[in-house]
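# Coordinate analysis (summary)
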Amino acid sequence: MIEFHLDPRSGVAPYLQIVQQVRQALLLGLLSEGDQLPTVKQVVARVAINPNTVLKAYRDLEREGLVAAKPGVGTFVTRTLSQASLTEHEPLRNDLAAWLKRARGAGLTEAAIEALFTSTFRATAEEER
Amino acid sequence: MTAILEAHALGMRYGRRQALTDCTLNIPPGHVVGLVGPNGAGKSTLLKLACGLLNPTSGSIRVLGNAPGSGPEQLARVGFLAQDAPVYPHLSVADHLRLGAHLNPRWDQDFAERRVAQLDLDPTQKAGKLSGGQRAQLALTVAAGKRPELLLLDEPVASLDPLARREFLKHLMESVADNDTSVILSSHLISDLERVCDYLIVLVSSRVRLAGEVDQITAAHHRIVCTRREPDTLPAGLEVVLAEHTDRQSTFVVRTDAPLPAGDWAAESLSMEDLVLTYMETAAANPRRARQDSEVAR
Amino acid sequence: MSWLTWRQFRTQTLVAAALLAAAAVYLLITGTQLRHSYSADLITCQSPSAHYSCAGLLNGLQNDYNGALDLFALLVLAAPALVGIFWGAPLIAGELERGTYYMTWNQSVTRTRWLAVKLAAIALASIAAAGLVSLLMTWWASPLDTISGNRFGTQAFNARNVVPLGYAAFAFALGVTLGLLIRRTLPAMAATLAIFIAVQLVVTVLVRPNVMPATVTTVPINQTTMSQAVRFDRAREVTGPVTIDLPAPPGSWNLSQTPALNSAGQPIQTSEILTCWNQLISRGPVAIKGDGNPPFASLGACLAPLNLHVDITYQPADRYWPLQWIETAFYAALAALLAAFCFRRIRRLG
């Protein structure tokens, strides 16, 4: 059974940290298909966080198709994330590399590129909500 | 759904001193609410009004749909834990549980005993001999043992060491997970609130300065840093909460319900602690201005 | 709620029970001794070969037990005050001071019910304790009370029969009320003691004599009445007043007396009795007390033709029980008012 930890200084919302930690566990092979995630109560008893946070994280993971909740039993892993899945997105990676090259060619500094990326990322995330 | 706490122009006056002024709140159920503000802001007063230990001098307050403290049924639905967790020093731990059992029809003795065992407390130990953390846990057990719908906690962890604080919050969250209990928790330790609260009320100098769901609030506030400019040169729709200037640079904390437009600035989001501090600074500058979220419908 | 009341009151109950038991044992032992001495003295002084008069012998018995009488009476008088201080004052003040009211008044009992159970239970205990102490004291002191014939004296009235129950109820309610108002235990205890004593003084000295209208009787000064005189004295100057103390009817409460008055109702001067007085002292030293002593009786015979009289204001002996009940009811009413105030006040703490 994996354990979660919360980093209050990371600037990342608590529920996102849980999502990331589940993904990481899947990537590292600590969780495989059929494994049960800790119950909300178990998480909350180990890490003093709001139960809704855990519920939200698990719901997000369920929406991504990584886990499935069985009412009355628990939440179980349905799909693993392997390194292979990252290679599935080779075209996206190439597009990104090309864009970065163009941005540097336009004279943007590293920090400017990051600022541009972050603000656009957030703006589009907002729109999708 | 009935709000756990509904207040309209709530005010509380002690002689000359106005402890709460014109507080309007509508807190939906199913949240862990953080009530934060400097000492003397009115947090304790609000909690005592909510459990019926005080009667308001102006305005109204309803808790779980009823007047606070009105009869045994209402008292059974709301639990309260006071600052420094007062307990009866000459009564043992077990006696305190008996107190709960005799005074509450819906007392869950199994839960209480399990909790006491979990905490490694000796049931025959006099409560006066317990450490601060143990007292807080005992008081929480007594408050939660009657399975209330709402728990009100007044600075429960203020005088506890970090380990005791963490343990207390864990047990509190377990109760929330078990029973769907709503919690209103006052503290000036914002780091603790950040972990557990999903609804925030900022109370400064007797007024509500900010109230709303944490997700919505954090999404709506941004800190933008740009070259020195005046607030009114910012795009419309951005409400400036705080403005700071050096000779070259301006930093604004703005609030907008729409997505932040692109602009000639660097924008970042604020942590809960930053948000609270921002509103506390603003309140110090504008004592009479209150600001609250009304979009709290679920 | 009854469990909590008992659990919080457990120590006080045990302490009180222990003290009462000790007091009871002591009073029973000494009281039995007193009764034996009393019977023995009566037999002695009533036998034909008695060397001492009954009055003298019983007087001696009184003197022997005076110290004990005062001490026990003091304990009976103190009992209600102790109840008010140790049972009444901390009741609400203790919870307020320690902050435990945050816990207890947020359980599923209203403050009204909390107070009702606590007040009822401990008031009952207070009244029972006071009743027991008063019962023991009344029993213990009855031979001495018979000898002195004075049931209305402060120590005698306040520390017997029914009134201590009223005092206890009042003192308890007073303590609870002051604890609620002052919110701190020690100051509430001090205030309870001070106010209780003040009320006791006012009621005993100022109120009780006037509860029912007193009887006034005119007693002529003659041989018969003077033979019972307690005191008779002239002034140094012939223009000065004459001091006289006649007893009120037996068993009654002597409230006040006028000085010796002439038939026109005016106080006489020493000059008017000088002839009889000089006749008296020419026969030898004058006894201070009457009690049938020839000099006072003959003085009375000498004064009779002067038609002097004394007006005595008193409460008849049969007023004893009405006064006891009225005073008890009065204190009980005060207690009830204080309790009602507490019920109202506890609903809004502010």
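Calculation notes
- Residues numbered from 1 in each chain as written.
- Chains lettered and ligands numbered in written order.
- Predicted model: local features only at pLDDT ≥ 70, side-chain atom pairs only at ≥ 80, totals over all residues.
- Heavy atoms only, no water.
- pLDDT = per-residue confidence, 0-100.
- Helix = DSSP H or I, 4+ residues; strand = E, 2+ residues; numbered from the N terminus.
- Contact = heavy atoms within 4.5 Å.
- Disulfide = S-S within 2.5 Å.
- Buried < 20%, exposed > 50% of the residue type's maximum accessible area, 1.4 Å probe, protein only.
- Pairing = 2+ DSSP bridges.
- Axes fitted to C-alpha atoms, helices over the stretch in contact; angles between N-to-C directions.
- Salt bridge = Lys/Arg side-chain N within 4 Å of Asp/Glu carboxyl O.
- Polar contact = N/O pair within 3.5 Å; in protein donor to acceptor, adjacent residues only side chain to side chain.
- Nonpolar A, V, L, I, M, F, W, Y, C, P; charged D, E, K, R; others polar.

### Remarks on the confidence of the model for chain C
Residues and elements named next belong to chain C. Taken as a whole, chain C shows an average pLDDT of 89; of its residues, 96% reach a score of 70 or greater. The weakest mean pLDDT in chain C belongs to helix α10 (residues 294-303) at 79; the strongest belongs to helix α6 (residues 163-182) at 97. In this model, residues 288-292 is a region of pLDDT below 50 whose contacts with residues beyond four sequence positions or in other chains number 13 contacts. Across the interface, the model reports ipTM at 0.88; the global pTM reads 0.85.

### Some thoughts on the state of the cysteines
As used in these notes, a disulfide is a covalent bond between sulfur atoms, one from each of two cysteines. If you walk through the whole model with that rule in mind, you get two disulfides over all chains. A sulfur-sulfur distance of 1.8 Å marks the disulfide that ties Cys 45 of chain C to Cys 54 of chain C. Disulfide Cys 45 of chain C-Cys 54 of chain C: the torsion about the S-S bond is 80°, which places it as right-handed. Look at Cys 54 of chain C and you get partly exposed, because its relative accessible area is 24%. What links to what in chain C: the bonded cysteines, counted in sequence order, pair as 1-2, 3-4. Cysteine Cys 23 of chain B remains unbridged, with the sulfur of Cys 51 of chain B as its closest cysteine sulfur at 16 Å.

### Things to note about the sheet that holds strand β10 (residues 221-227) of chain B
The strands making up a sheet associate through backbone hydrogen bonding, with each pair oriented either parallel or antiparallel. Residues and elements named next belong to chain B. Reading across the sheet, the four strands line up as β11-β12-β10-β13 and stay open at both edges, with antiparallel pairing between neighbours. Either end of the sheet is taken by a strand with one partner, and the two such strands are β11 (239-245) and β13 (266-269). Within this sheet the neighbouring strands show an average axis-to-axis angle of 20°, counted without direction. One ladder, built from six bridges, connects β11 with strand β12 (residues 249-255); its direction is antiparallel. Considered in β12, the bridge of Leu 242 is made with Val 253. Across the sheet, helix α9 (residues 272-285) is in contact with β10, β11 and β12; its angle to β11 comes to roughly 85°.

### Some words on the pattern of salt bridges
Going through the model one piece at a time under the given rule, you end up with 19 salt bridges over all chains. Residues Arg 46 of chain A and Glu 3 of chain A are paired through a salt bridge, measuring 3.5 Å at the closest nitrogen-oxygen approach. Highlighted residues: Arg 46 of chain A in helix α2 (residues 40-46) and Glu 3 of chain A in the segment before α1 (14-28), separated in sequence by 43 residues. Of the two residues, Arg 46 of chain A and Glu 3 of chain A, neither departs from the other in class, the shared state being exposed. Overlapping salt bridges bring together Asp 95 and Arg 98 of chain B together with Arg 7 of chain C as one network.

### Side note on the interface of chain C and chain B
Chain C puts 24 residues into the contact, and the matching count from chain B is 33 residues. Here chain C is connected to chain B by one salt bridge. In this structure, the connection of chain C to chain B is made through 10 residue pairs in polar contact (both at pLDDT 80 or more). A per-class count over the side of chain C that touches chain B returns nine nonpolar, nine polar and six charged.

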